[in-house]
Amino acid sequence: MFSIVKSGDGRRLLAFETSGDPKGHPVFLLHGTPGSRVGPRPRAIDLYRLGIRLISYDRPGYGESERFEGRKVEHAAADVEAIADHLKMARFSVIGRSGGAPHALACAALLPDRVASAAALVSIAPPDADGLDWFDGMAHSNVDAYRAASEAIHHDSAGFLQRLKTRLAGNADAIRDNPESLLSWLAPALPAADRAVVAHGGIRGLLLANYQNSVVRSSFGWLDDVLSFRRDWGFEPGRIVNVPLLLWHGEHDTFSPVGHFRWLADRIPSATPVLKPGAAHFAALPAVPVTLAWLRDRARERYEAVV
């Protein structure tokens, strides 16, 4: 079911939809970069079987949601809270994959009394992660984008910002014309494990619909995601103390290198780290159903223990 709601500050419109069991445990699915509310997710019948009510939304600038220029990762918590209030949900879980993972961490850190459990799949670490060689093992395409973002943010470089805008706008134009273009562009950086996942017909179809919807209006959501990952996130991951958190990662990930996973696992007190041998970035897609079951069970255990 598709809906529009105002953001917490009342200044923007957020597009979201719900699927699965209306009476099931509510879980927010936070999409990747680029992405949208129609991003890859389990089928409705599988959500019913799991007892999950899934809520997904377009981050500002993506799909049908209005842009929030200058947004930070932390702002996702207020957006999720606004949608939860609209749906009259006191408590819920969150799962974020890839670009959605830092936003899931924000919800867990900033809404500890409402987030019952959380999962961050193939997440990057904050830009100021002490002791981490942030770009080590990262695909060239990501290194180039993130370095341009850093130059634009920290040196007020209009040239680097324009370069990034132009590149992403060109990518968005190509996706609108042919959504396969993004996967073709990424192909040289994909490890064999990733190529096997995206070759699966069902998963590939979901990815293409996701990419096409993400840039239906503009490339600003994509731009603002990249910038937000390289500016101050607005919270410390170490603040996640009481919310059960699953950190899931593939050891051969080239888009979110494994060093980022290890850094987060070492600093988040409530984290349950899972590193999958032989897996890479897109392996997080088939991991979503079992992760939803983990979130449901941890939420039940947490609040049954309180009672």
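Up top is the structure these notes are about.
To keep things clear, this report deals only with the structure shown in the data block. Quantities reported herein were computed from a predicted structural model and do not represent experimental measurements.

Another point: the sheet that holds strand E8 (residues 271–276). Note on sheets: strands pair through backbone hydrogen bonds, and any given pair is parallel or antiparallel. Taken in spatial order, the eight strands of this open sheet run E1-E2-E4-E3-E5-E6-E7-E8, and their pairing is mixed. If you trace the sheet from one side to the other, it starts and ends with strand E1 (2–6) and E8, each paired once. Strand after strand, the sheet turns through a mean of 20 degrees between neighbouring axes, direction not considered. In the sheet, strand E5 (residues 92–97) pairs with strand E6 (residues 115–121) via six bridges, with the strands oriented parallel.

Note on soluble globular proteins: their nonpolar side chains tend to be buried together. Ranked by internal contacts, the top residues of the largest apolar core, which has 77 residues, are Phe28, Ile83, Phe92, Leu105, Leu164 and Phe282. Broken down by element, the residue count for this core peaks at seven residues, all from helix H3 (residues 101–110). Once you skip the residues sitting within four places of it in the chain, Ile83 turns out to touch Val5, Leu14, Phe16, Phe28, Ile55 and Tyr57. Counting 21 residues, the second largest nonpolar core, distinct from the first, contains Ala284, Ala287, Leu292 and Ala293.

Here the focus is the packing of aromatic side chains. Evaluated as defined, the whole model comprises six aromatic pairs. When the centroid spacing of 5.3 Å and the interplanar angle of 75 degrees are considered together, the rings of Trp134 and Phe135 count as edge-to-face. For the pair formed by Trp134 and Phe135, the shared burial category is buried. Geometrically, the ring pair formed by Phe255 and Phe282 is edge-to-face, given 6.4 Å between the ring centres and 80 degrees between the ring planes. With Phe255 in the loop between strand E7 (245–250) and helix H10 (258–267) and Phe282 in the loop between E8 and helix H11 (288–306), this residue pair connects regions lying 27 residues apart in the sequence. A single burial state applies to Phe255 and to Phe282, both of which are buried. Through a chain of ring-to-ring contacts, the aromatic side chains of Trp134, Phe135, Tyr146 and Phe229 assemble into a single cluster. Here Arg230 stacks its cationic end above the ring of Trp134, 4.3 Å away from the centre of that ring.

The next thing to look at is the pairing of strand E2 (residues 13–20). In terms of burial, E2 is largely enclosed, as seven of its eight residues are buried. Note that E1 and E2 share five bridges and pair antiparallel. Its bridge partner being in E2, Lys6 is matched across the sheet by Leu13. Where E2 lies against strand E4 (residues 52–57), five bridges are found, and the strand directions are antiparallel. Counted as the bridge partner of Gly20 is Arg53 from E4.

Parameters and conventions
- Residues numbered from 1 in each chain as written.
- Predicted model: local features only at pLDDT ≥ 70, side-chain atom pairs only at ≥ 80, totals over all residues.
- Heavy atoms only, no water.
- Pairing = 2+ DSSP bridges.
- Helix = DSSP H or I, 4+ residues; strand = E, 2+ residues; numbered from the N terminus.
- Axes fitted to C-alpha atoms, helices over the stretch in contact; angles between N-to-C directions.
- Core = buried A, V, L, I, M, F, W, Y, C linked by side-chain atoms within 4.5 Å.
- Buried < 20%, exposed > 50% of the residue type's maximum accessible area, 1.4 Å probe, protein only.
- Contact = heavy atoms within 4.5 Å.
- Phe/Tyr/Trp six-rings, centres within 6.5 Å; stacked < 30°, edge-to-face > 60°.
- Lys NZ or Arg CZ within 6 Å of the ring centre and 35° of its normal.

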